[in-house]
Amino acid sequence: MICFGVDEIILQNPAWKTKALGLVTSDAATTNTGILSRTALLQAGFNIVLLFSPEHGISAKAPDGEAQQNGIDEITGLPIISLYGNKSMPTAQDLENIDIVLFDIPDIGARFYTYLWTLTYVLEACAIHKKELIVLDRPNPVSGNFDAAEGPFLEESSSSFIGRWNIPIKHSCTLGELALYFNNTKNIDASLTVVTVKNWDRDDLATDWGINFVATSPAIQNPNSMLLYPGLCLLEATNISEGRGSQYSFETAAAPWLQTNEIVSFINQSFGDEIKANTISFTPTSGKYANTLCKGIHFEVIDPAYCKPVFFGLLLLYIIRAKHPQAFLWAPYKTAVNPSGENHLDKLLGINNAQNLFELPLPQFIANCTKLTHCAGWQEQVEPYLRYSF
């Protein structure tokens, strides 16, 4: 059975567990037997005195982009300091009575999933305030195979909380590996330890781990949504629903006016070996088109090893826009860390003036997307920081 970093540190029973510990976590972080990490650590005698929560809060159920407040954890009774709302980085006061900070939050392998960037702010805070950071690592659930990595690489002039630094969208690393990479390449120089996962091969997906799936946030409800998220998240920057408020979140593209049949036929002819498309209809309870019947396309990843979700998402967006020139709109996407919601496509793709890409003729668009999504040199860049075999 796979052993997460939290499972390993409990087995190691380190002497420092009696020191004052802060833990960055949420309900999405569990042991390999499904026990909440913070509960398991406390039961094993780890002296956790303070919790920090990321986007979606300690419950991992708060809506996307909604600011979270400080509070008290109903499960452990510990105080919670939110790192998604009024601030992103722990302060000197937050860390004053902490000896070591632990980080245990699952990722889904996409640059614009915010847990990674919470980690980078914690890393910087630990360096500034001279605290040790221990990352309890977890596998990349959509694999650590670098053949599956996809750009674009981030242009740091488009930096935001959904992408601070220059990495590809689908990065094929664990958060522990990226912490090591950034700690060195960004000259952060924190005292950093990564407790590695055991029994994980880089080709393995979450479905290969032999344990129950745990939702990492409200809209990531199953492994299929994880696999599609790096491409379908681009719909956030449009008036096309990505399925929030329904059972199809990040598995669909939908709108009341969407002409689905021709698009489904195109997808199945073009991507049939990797992704299967079907027409659906549903009424979302929240998000875009809340309480309005939508015509949608449901996608299922058939062959994860060959599926390129970013390229797929780009082409899907191009086809939908071309087929609906009157109805389609680019749209702002407001969050606590981007209150105006402007330039959301730039922030997602990590490139400036991203909308201009979709003005190109289709052959030129495909050629440009092929270059943009290619991750030349990425594996070589991170090689010194990788901790798991191929």
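Above this text is the structure in question.
About the criteria used
Residues numbered from 1 in each chain as written. Predicted model: local features only at pLDDT ≥ 70, side-chain atom pairs only at ≥ 80, totals over all residues. Heavy atoms only, no water. Helix = DSSP H or I, 4+ residues; strand = E, 2+ residues; numbered from the N terminus. Phe/Tyr/Trp six-rings, centres within 6.5 Å; stacked < 30°, edge-to-face > 60°. Buried < 20%, exposed > 50% of the residue type's maximum accessible area, 1.4 Å probe, protein only. Lys NZ or Arg CZ within 6 Å of the ring centre and 35° of its normal.

Asks: Sorry if this is basic, but what is going on with unusual backbone geometry here?
Replies: That bond from G151 to P152 is cis: its omega, 5 degrees, falls within 30 degrees of zero. In this structure, P152 sits in strand β7 (residues 150-153). Notably, N199 is not glycine yet its phi reads approximately 70 degrees, a positive angle. Residue N343 is not a glycine yet carries a positive backbone phi of 55 degrees. For N343, the location among the structural elements is in the loop between α8 (309-323) and α9 (344-349).

Asks: For this particular structure, what's the right way to read the packing of aromatic side chains?
Replies: Pairs of aromatic rings are described using the distance from one ring centre to the other and the angle between the two planes. All told, the structure shown has 24 aromatic pairs when counted by the stated rule. A ring pair is formed by F153 and W378, whose centres lie 6.0 Å apart and whose planes are at 75 degrees; its orientation type is edge-to-face. With F153 in strand β7 and W378 in helix α11 (residues 378-382), this pair connects stretches of sequence that are 225 residues apart. The class for F153 is partly exposed, based on a relative accessible area of 21%. On the basis of relative accessible area, W378 is assigned to the buried category, the value being 0%. Plain terms: the ring middles of W200 and Y388 are 5.2 Å apart, the flat faces sit at 75 degrees to each other, and that makes the pair edge-to-face. One end of the pair, W200, is in the loop between β9 (191-195) and α6 (223-232); the other, Y388, is in the segment after α11, with 188 residues separating them in the sequence. In this structure an aromatic cluster arises from ring pairing among W117, F153, W165, Y181, F182, W378 and Y385. Positioned above the aromatic ring of F4 is the side chain of R138, whose terminal nitrogen or guanidinium carbon lies 4.5 Å from the ring centre. Between the NZ or CZ atom of R164 and the centre of the ring of Y121, over which it lies, the distance is 3.8 Å.

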